[in-house]
Amino acid sequence: MMKVFLIGLCALLLFSAKPSAAVEIPWVSSAEMQAKLLSATDSVPSDGIISAAIQTRLAPGWHSYWRSPGESGLPPRFTLLEGAENIESATLFFPPPKRFNELGLTTFGYDGDVSYPLDITVKDPAKPATIRARLDTMACKDICIPISLPLELKLEAGESKTSPQARLVDFARAKLPQKDHPHVKIENVVVTKDAVVISAFSKNGFDHADLFIEIGEFTLQEKPDFSNAANSANTAIVKMPIPPFLLEEFAPKDDGSLPFSGETITVTLTNGRDAVENAIVIP
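In this convention, every chain numbers its residues from 1, walking through the sequence in written order. Residue-level local features of this predicted model are given only where pLDDT is at least 70; pairs of side-chain atoms are given and counted only at 80 or more, and the full residue set underlies all totals for whole chains, interfaces and linings. In computing side-chain values, all of the structure's heavy atoms are included and hydrogens and water are not.

**A short note on the pattern of salt bridges**
Turning to step 1, where the next piece is worked out: The salt bridge criterion pairs a side-chain nitrogen of Lys or Arg with a carboxyl oxygen of Asp or Glu, the two atoms within 4 Å. This model, assessed by the stated rule, comprises 8 salt bridges.
Turning to step 2, where the next piece is worked out: Close ionic contact of D113 with R57 constitutes a salt bridge, the shortest N to O distance being 3.1 Å. Here D113 is found in strand β9 (residues 113-122), whereas its partner R57 is found in strand β3 (residues 49-58), with 56 residues between them in sequence.
Turning to step 3, where the next piece is worked out: Its relative accessible area of 48% is what places D113 among the partly exposed residues. Working definition: helices are DSSP H or I runs of at least four residues, strands are E runs of at least two. Numbering for both runs from the N terminus. Working definition: with a 1.4 Å probe on protein chains only, accessible area under 20% of the residue-type maximum means buried, over 50% means exposed, and in between means partly exposed.

**Let's talk about the layout of surface pockets**
Turning to step 1, where the next piece is worked out: Within this model, the largest pocket holds a volume of roughly 780 Å³.
Turning to step 2, where the next piece is worked out: Points on a 1 Å grid, built from protein atoms alone, make a cavity when a 1.4 Å probe fits but cannot get out and make a pocket when they are open with protein on both sides within 12 Å along at least 5 of 7 lines; residues with an atom within 4 Å of a point are the lining residues. Forming the boundary of the largest pocket are 27 residues, of which P95, P96, K175, G272 and R273 lie nearest the centre.
Turning to step 3, where the next piece is worked out: Only β3, β8 (105-111), β9, α2 (166-174), β17 (264-271) and β18 (274-281) provide two or more residues apiece to the lining of the largest pocket.
Turning to step 4, where the next piece is worked out: If you tally residues by element for the lining of the largest pocket, the top one is α2, at 4 residues.
Turning to step 5, where the next piece is worked out: Three categories are distinguished: nonpolar for Ala, Val, Leu, Ile, Met, Phe, Trp, Tyr, Cys and Pro, charged for Asp, Glu, Lys and Arg, and polar for the others, with Gly belonging to the last. The residue inventory of the lining of the largest pocket, partitioned by class, reads 11 nonpolar, 8 polar and 8 charged. Grid points are joined across faces, edges and corners, and a volume is the space filled by probe spheres set on the points.

**Re the pairing of strand β10 (residues 129-140)**
Turning to step 1, where the next piece is worked out: The buried fraction of β10 is high, at 10 of 12 residues.
Turning to step 2, where the next piece is worked out: One requirement defines pairing of two strands: DSSP has to find at least two bridges between them. In terms of strand pairing, strand β5 (residues 77-80) meets β10 through 4 bridges, oriented antiparallel. Following the sheet pairing, R77 is matched in β10 by D136.
Turning to step 3, where the next piece is worked out: Summarising the sheet, β10 and strand β11 (residues 144-155) pair through 12 bridges and their orientation is antiparallel. Residue pairing in the sheet places C140 in a bridge with C144 of β11.
Turning to step 4, where the next piece is worked out: Remark: 3 residues form the turn of the hairpin made by β10 and β11, two consecutive strands paired antiparallel.

**Details of the sheet that holds strand β1 (residues 28-29)**
Turning to step 1, where the next piece is worked out: If you trace the 5 strands from one edge of the open sheet to the other, you get β1-β2-β3-β9-β6, paired in antiparallel fashion. Edge positions in the open sheet fall to β1 and β6 (87-92), since each of these has one partner strand only.
Turning to step 2, where the next piece is worked out: The sheet contact formed by β3 and β9 spans 9 bridges and is antiparallel. Of the residues in β9, the one forming a bridge with A52 is L118.
Turning to step 3, where the next piece is worked out: Docked against the sheet, α2 engages β2 (33-39), β3 and β9, running at close to 85° with respect to β3. The contact criterion used throughout is that any non-hydrogen atoms of two residues lie within 4.5 Å. For helices, the fitted line uses only the C-alpha atoms of the stretch in contact; every axis is such a line through C-alpha atoms, and the angle between N-to-C directions lies from 0 to 180 degrees.

**Things to note about unusual backbone geometry**
Turning to step 1, where the next piece is worked out: Despite not being glycine, N86 shows a phi value in the positive range, around 65°.
Turning to step 2, where the next piece is worked out: A relative accessible area of 13% means that N86 is categorised as buried.
Turning to step 3, where the next piece is worked out: A positive phi is found at L103, a non-glycine position, where the angle reads about 55°.
Turning to step 4, where the next piece is worked out: Residue position: L103 is located in the loop between β7 (98-102) and β8.

**Here's the deal with the state of the cysteines**
Note on terminology: disulfide describes a covalent bond linking the sulfur atoms of two cysteines.
Turning to step 1, where the next piece is worked out: Two cysteine sulfur atoms make up a disulfide if the distance between them is within 2.5 Å. Tallying each qualifying case throughout the model produces 1 disulfide.
Turning to step 2, where the next piece is worked out: With a sulfur-sulfur separation of 1.9 Å, C140 is cross-linked through a disulfide to C144. Its torsion about the S-S bond being 115°, the disulfide of C140 and C144 is classed as right-handed.
Turning to step 3, where the next piece is worked out: For C144, a relative accessible area of 36% puts it in the partly exposed group.

**Here's the deal with the sheet that holds strand β14 (residues 209-215)**
Turning to step 1, where the next piece is worked out: If you walk across this open sheet you meet the 4 strands as β15-β14-β17-β18, and the pairing is antiparallel. Among the strands making up the open sheet, the edge pair consists of β15 (218-219) and β18.
Turning to step 2, where the next piece is worked out: Pairing analysis gives 2 bridges linking β14 to β15, with the strands arranged antiparallel. Looking across to β15, one finds that I215 is bridged to F218.

**A few points about the nonpolar core**
One recurring pattern in soluble globular proteins is that nonpolar side chains are buried together.
Turning to step 1, where the next piece is worked out: Throughout, nonpolar core names a set of buried Ala, Val, Leu, Ile, Met, Phe, Trp, Tyr and Cys residues whose side chains join them through atoms within 4.5 Å. With 39 residues, the main nonpolar core has I54, F78, L118 and I131 as its most contacted residues.
Turning to step 2, where the next piece is worked out: Mapped onto this core, the elements with two or more residues apiece are β2, β3, β6, β8, β9, β10, β11 and α2.
Turning to step 3, where the next piece is worked out: Excluding anything up to four places from it in sequence, I54 contacts A35, K36, L37, F78, L92, V114, S115, Y116, L118, L135 and L151.
Turning to step 4, where the next piece is worked out: I186, I198, F206 and I242 belong to the second largest nonpolar core, which has 26 residues in total.

This is the structure we're talking about:
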């Protein structure tokens, strides 16, 4: 009986000594926002590109901003700091935004929980990497407050395996607008002398749809009207007027070209959880 008890005790100690399957990454917090840096792998991948994400959580009633914040606010910035080791570069990606009204101003951004995917390129995949960076953004409620949160993550070298946070990183990437989407499509983009005209498709209609048009560093503010259907509840023609100050800044040349010639126009169409994004260069 004693032998059986000892065997059982040894087995219990053996299993309890195993490391936890999930390594908890602590939040970095201000009163308005929490953030933490996640990696989809537990060590540096052999291709040298770390699939990561910044997971953020805003306090109730607060919102932050998209890459094009609109008439107010500042876009989020991810900056590598001194002390980062074996890091070449980092690229931040933005999920589709929501539309906000701030004291009569139109802005674009996020509330609640939002995650920003990151591609982090290392200098040498055979060496460990330390990501030491800072997330700078702005949060607004009754007032607007600049926020700066330090972020850090260390990855060892060696055979790369899926981390416990991989599901969260993959979920963040899945929410990014796609170039091609089965449920929503940007079928055509036409720039006239005073408007951008979009032909759009949505499998589920346009009751929850929104449209964001970026011209260079500017975003058209007017809320789109999807009521002009093209013979179907699933297709619509949307005309977004270009404000006079933009027309003046990007006036056509004397050669008869359209406004914004040579500029990139990025169109993002959202409908609930579906989002598609296309970019065109005006000839």
